[in-house]
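Here are the chains, one letter per residue:
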Amino acid sequence: MVGLGAVLVTGMGISPISGASEPHGPEAMTTVRRAITVPLRHVPRPLRPALHVRDAVLGPIRESGGRYVWAGASLSAADCSGLVSVAQSLAMGQAPHRLGDTRSLLAGQWPGAIPGASPDDRFVIGVSPSHMVAMVDGVRLESKSRGMPYLIGPQAASPWDRQFTRQYHIDPALLTNL
């Protein structure tokens, strides 16, 4: 019996019980068989398309219709650090919650924040002592002033804007939706 990944080769007049001196006529080619194992290339099939951090974060924030509310940290109401917290929580596959504020980030006490950032980082934070913004997969996100809707896209400030004294990126290992 031939297992998966094997190919039957007929002919050549050679079998486990035959010698090389047997006739090589058509009758030998139809009766003699030898199995040669050939490894099959394994091609994984995706179960479903990968969910991008951008979709996991920005979709719920866009749909929320949220606005700036001082000390808020929810989809519907957040200050600048609250919105960055909500975005990072969503990117880590968690329910929206506050992770800190501008002072805690600048003091190195923001979970998963690594000093320094590049435009290629998946989740970037720009911060000063009085304000912060995020950039998720290249899309800017900001909660700017009282009553104003969240800014998403080019109208939001860049983390590299001069008003921000430092940039951080979130450890990619924490971003469960990559």
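Scroll up for the structure.
In this text, all values refer to a predicted model and were calculated from it rather than measured experimentally.

K.L.:
Could you give an account of the sheet that holds strand β6 (residues 123-127), with specific residues and numbers?
P.N.:
One open sheet accounts for six strands, arranged β5-β10-β6-β7-β8-β9; its pairing is antiparallel. Taken across any chain shown, the strands that pair with only one partner, and hence form the sheet edges, are β5 (113-115) and β9 (151-152). Note that strand β8 (residues 139-142) and β9 share two bridges and pair antiparallel. Residue pairing across strands places L141 opposite I152, the latter belonging to β9. Running over the sheet, helix α3 (residues 80-91) touches β6, β7 (132-136), β8 and β10 (166-170) and is turned about 165° from β6.

K.L.:
Just give me the short version of α3, but keep the residues and values in it.
P.N.:
Residues spaced three or four apart along an α-helix point in a common direction, a consequence of the helix completing one turn every 3.6 residues. In this model α3 runs 17 Å from its N-terminal to its C-terminal C-alpha over 12 residues, within 8% of the 16 Å that 1.5 Å per residue would give. Extensive coverage of α3 is indicated by the burial of 12 of its 12 residues. Along α3, the positions that sit buried rather than exposed are C80, S81, G82, L83, V84, S85, V86, A87, Q88, S89, L90 and A91. Downstream of α3 by a residue or two, G93 has a phi angle that is positive, lying close to 75°.

K.L.:
Explain unusual backbone geometry residue by residue, including any values.
P.N.:
With phi around 70°, A71 is a residue other than glycine that occupies positive phi space. Using a relative accessible area of 43% as the deciding quantity, one classes A71 as partly exposed. Even without being a glycine, D137 presents a positive backbone phi close to 50°. Locating D137 in the fold gives a position in the loop between β7 and β8. Residue classification places D137 among the buried residues on the basis of a relative accessible area of 16%.

K.L.:
Which residues make up the pairing of β6, and what values go with them?
P.N.:
Here β6 lies mainly inside the structure; five of its five residues are buried. A two-sided burial pattern is seen for β6, the buried positions comprising F123, I125 and V127 on one face and V124 and G126 on the other.

K.L.:
Explain the pattern of salt bridges to me, and be specific about the residues and the numbers.
P.N.:
Considering all chains together, one arrives at three salt bridges under this definition. For D79, the salt bridge is made with R98, and the minimal N-O distance between the two is 2.9 Å. Of this pair, D79 sits in the loop between β4 (77-78) and α3 while R98 sits in the loop between α3 and α4 (102-106); the two residues are 19 residues apart in sequence, bridging distant segments of the chain. You can call D79 buried: its relative accessible area is 8%.

K.L.:
I'd like a rundown of the pairing of β10, residues and numbers included.
P.N.:
Here β5 pairs with β10 via three bridges, running antiparallel. Within the sheet, the bridge partner assigned to P115 lies in β10 and is Y168. Judged from the four bridges that link them, β6 and β10 form a sheet pairing that is antiparallel. Note that in β10 the partner of V124 across the bridge is H169.

How each quantity is defined
Residues numbered from 1 in each chain as written. Predicted model: local features only at pLDDT ≥ 70, side-chain atom pairs only at ≥ 80, totals over all residues. Heavy atoms only, no water. Pairing = 2+ DSSP bridges. Helix = DSSP H or I, 4+ residues; strand = E, 2+ residues; numbered from the N terminus. Contact = heavy atoms within 4.5 Å. Axes fitted to C-alpha atoms, helices over the stretch in contact; angles between N-to-C directions. Expected span 1.5 Å × (residues − 1). Buried < 20%, exposed > 50% of the residue type's maximum accessible area, 1.4 Å probe, protein only. Salt bridge = Lys/Arg side-chain N within 4 Å of Asp/Glu carboxyl O.

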